[in-house]
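Report on the structure
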Amino acid sequence: MHGDEAVGRELLLHLIEYLVTSDGRDPEITNLINSTRIHIMPSMNPDGFEAVLKPDCFYNKGRENSNFYDLNRNFPDAFEFNTVPRQPETVAVMKWLNTETFVLSANLHGGALVASYPFDNGVPATGTLYSRSLTPDDDVFQYLARTYASRNPDMRKRNPCRTKIEFPGGIVNGYFWYPLKGGMQDYNYIWAQCFEITLELSCCKYPRKEKLPSFWNENKDSLIDYIKQVHIGVKGQIFDQNGTPLPNVTVEVQDRKHVCPYRTNKFGEYYLLLLPGVYVIEVTVPGHNPHLTEVTIPPKSQNFSALKKDILLPFTGQLDHIPESDPLCPIIPLYRDLQGHSAATKPSLFLFLVTLFHILFK
C-alpha cells in the first residue's frame, strides 16, 4: 500500500503500528500476518509531501515531486504513449514490482471519498464509447472496491463531499470519473499482474491535524478487510511430468484473458483473483497445445488461503528449456490497436455491482 497525501500517509503509519502491536495478541491479525506478505510504502513522493508549507483543503502543491512531475501520471500507459520523462521514484517502483509476485495493491489519495477501480484510461475496445473503461476482471474489481467502501461509514454514502458527481455505493470506474494517462493503477494491473484500486479517503486533501485520528477509526476495518481479499480465487504451481516447477508459462482464465498474459513466476507459481464460481484455467507452454483445467472457487476462502490448485502438465520428458523472456510484455500501448468489444464493455440493463495508501499483498 502507498499514500502521498496527509490522510493516506497517516493511515499507513497507523496500520503498521496496528499490525505490529496486534501480532500474537489478536488471532485474526496474527493469522493474516502469518499467511500474507504485506508491503507498505507510506509515501511514494516524500519530496512533494515536504513541499507543502501552507496546507490547503482543495489544492495540494505537494502533488508533484521535486522535478515538478506528477508521479501518478508518470507510468507507462497501455492505451497511448506517455512521453513524460520517467522520474526516479517511478523507476524505483517499477523495479520493485519486478522483485516480488505482487497480487493485490491499493494507493491512497485525498480530495474525495470513493474507491476507484481500473481502467483509468481506455479505448473503444474497453468501453469508452459508453463512458467507461472495463478490465476483463471487472467483476473482481467492483467487488474489491465495494469491499473497502462498504466498511467505511462515509464512503458508502452517495455524495459525502457534496460534489457534482455521485458515487453509488462509494465506488466508481476510473475512466467514468475522469480519464487519465500514466496512472499506477493501470500499470500495476497490466504489467505487474497486480490488481490495484485507488482509495480517495478524505474530502479535504490536507485536513487539520486534530482530525487525522478520526480517519483511522473510519478506515481501519476497511483496510484490514481489503488485505484479506488477496486470498480469494485460486493459486498454485505448474509442474512438468517430472515434477519440475515451470517458470514463465502463461496461466489465464478462459473468457477473461489479459492483454499482457499472466505468467508463472520463477518458482512456477501463479495467482488468479476470482470470485466464487466455475472457471477453466488455460496453461500454455511454447511448443505444446494449451492444457485446460476446470476449477470451482468456493463461496468463502479457507483459512486465509485461496483455493490451492497445482497443475501437472502431461508432457513426456522434462521441459529443459522454456524460452527465457521478460515476464512483462513490451512497455508500449498494448491496447492501442485492439479492435472490437468484450462482453464486459457492452451496455446492459443490469450491472452486477459487487465490490489503498499504497499497499501490496502476496
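Remember, predicted model here, so these are calculated numbers, not experimental data.

This part is about the pattern of salt bridges. Scanning all chains against the criterion turns up 12 salt bridges. One salt bridge connects R256 with D137, and the closest N-O pair in it is separated by 3.1 Å. Of the two residues, R256 sits in the loop between β8 (250–253) and β9 (269–272) while D137 sits in the loop between β4 (112–117) and α5 (138–150), which places them 119 residues apart along the sequence. Of the two residues examined, R256 and D137, each falls in the buried class. When the shortest N-O distance is used, the salt bridge between D310 and K308 registers 2.9 Å.

Let us now look at the pairing of β4. Summarising burial for β4: six of the six residues are buried, a large majority. Because side chains alternate across β4, one face comprises the buried residues A112, V114 and S116, and the other comprises L113, A115 and Y117, equally buried. The pairing of β4 with strand β6 (residues 195–202) spans five bridges and is classified as antiparallel. In the sheet register, A115 faces β6, and the bridge partner there is L199. Alignment of β4 against strand β5 (residues 171–173), held across three bridges, turns out to be parallel. Bridge pairing links A115 to I171 in β5.

On to the state of the cysteines, then. Inspection of every chain in the model, using the stated rule, returns two disulfides. There is a disulfide in this structure between C161 and C203, and the S-S distance comes to 2.0 Å. Disulfide C161-C203: the torsion about the S-S bond is -90°, which places it as left-handed. Placement of C161 in the loop between α5 and β5 and of C203 in the loop between β6 and α8 (212–228) is noted, with a sequence separation of 42 residues between them. Residue classification places C203 among the partly exposed positions, given a relative accessible area of 30%. For C260, the disulfide goes to C329, at an S-S distance of 2.3 Å.

On the surface, L13, I16 and V20 cluster together into a nonpolar patch covering about 260 Å² of accessible area. If you trace the backbone, I16 turns up in helix α1 (residues 6–22).

The subject of this paragraph is the nonpolar core. Ranked by internal contacts, the top residues of the largest apolar core, which has 81 residues, are I190, F195, I238, L272 and I281. Broken down by element, this core gets its largest block of residues, seven residues, from α8. In this structure, I238 is in contact with T244, P245, L246, V249, V251, T264, G268, Y270, V283, I311 and L313, ignoring residues within four places of it in sequence.

It is worth spelling out the packing of aromatic side chains at this point. The geometry of two aromatic rings is summed up by the distance between their centres and the angle between their planes. Evaluation of the coordinates by the stated rule reveals 15 aromatic pairs. Note on F119 and Y335: the rings are 5.5 Å apart at their centroids and 70° apart in plane angle, and the pair reads as edge-to-face. On the criterion of sequence distance, the pair formed by F119 in the loop between β4 and α5 and Y335 in the loop between β13 (311–312) and β14 (358–361) is long-range, its members being 216 residues apart. Given the relative accessible area of 0%, F119 is considered buried. Through successive ring pairs, a cluster of aromatic residues spans F79, F119, F141, Y189, F195, Y262 and Y335.

What counts, and at which threshold
Residues numbered from 1 in each chain as written. Predicted model: local features only at pLDDT ≥ 70, side-chain atom pairs only at ≥ 80, totals over all residues. Heavy atoms only, no water. Salt bridge = Lys/Arg side-chain N within 4 Å of Asp/Glu carboxyl O. Helix = DSSP H or I, 4+ residues; strand = E, 2+ residues; numbered from the N terminus. Buried < 20%, exposed > 50% of the residue type's maximum accessible area, 1.4 Å probe, protein only. Pairing = 2+ DSSP bridges. Disulfide = S-S within 2.5 Å. Patch = residues over 30% accessible without salt bridge, like charges linked within 9 Å, V, L, I, M, F, W, Y side chains within 5 Å. Areas by Shrake-Rupley, 256 points an atom, 1.4 Å probe, with all protein chains shown as cover. Core = buried A, V, L, I, M, F, W, Y, C linked by side-chain atoms within 4.5 Å. Contact = heavy atoms within 4.5 Å. Phe/Tyr/Trp six-rings, centres within 6.5 Å; stacked < 30°, edge-to-face > 60°.

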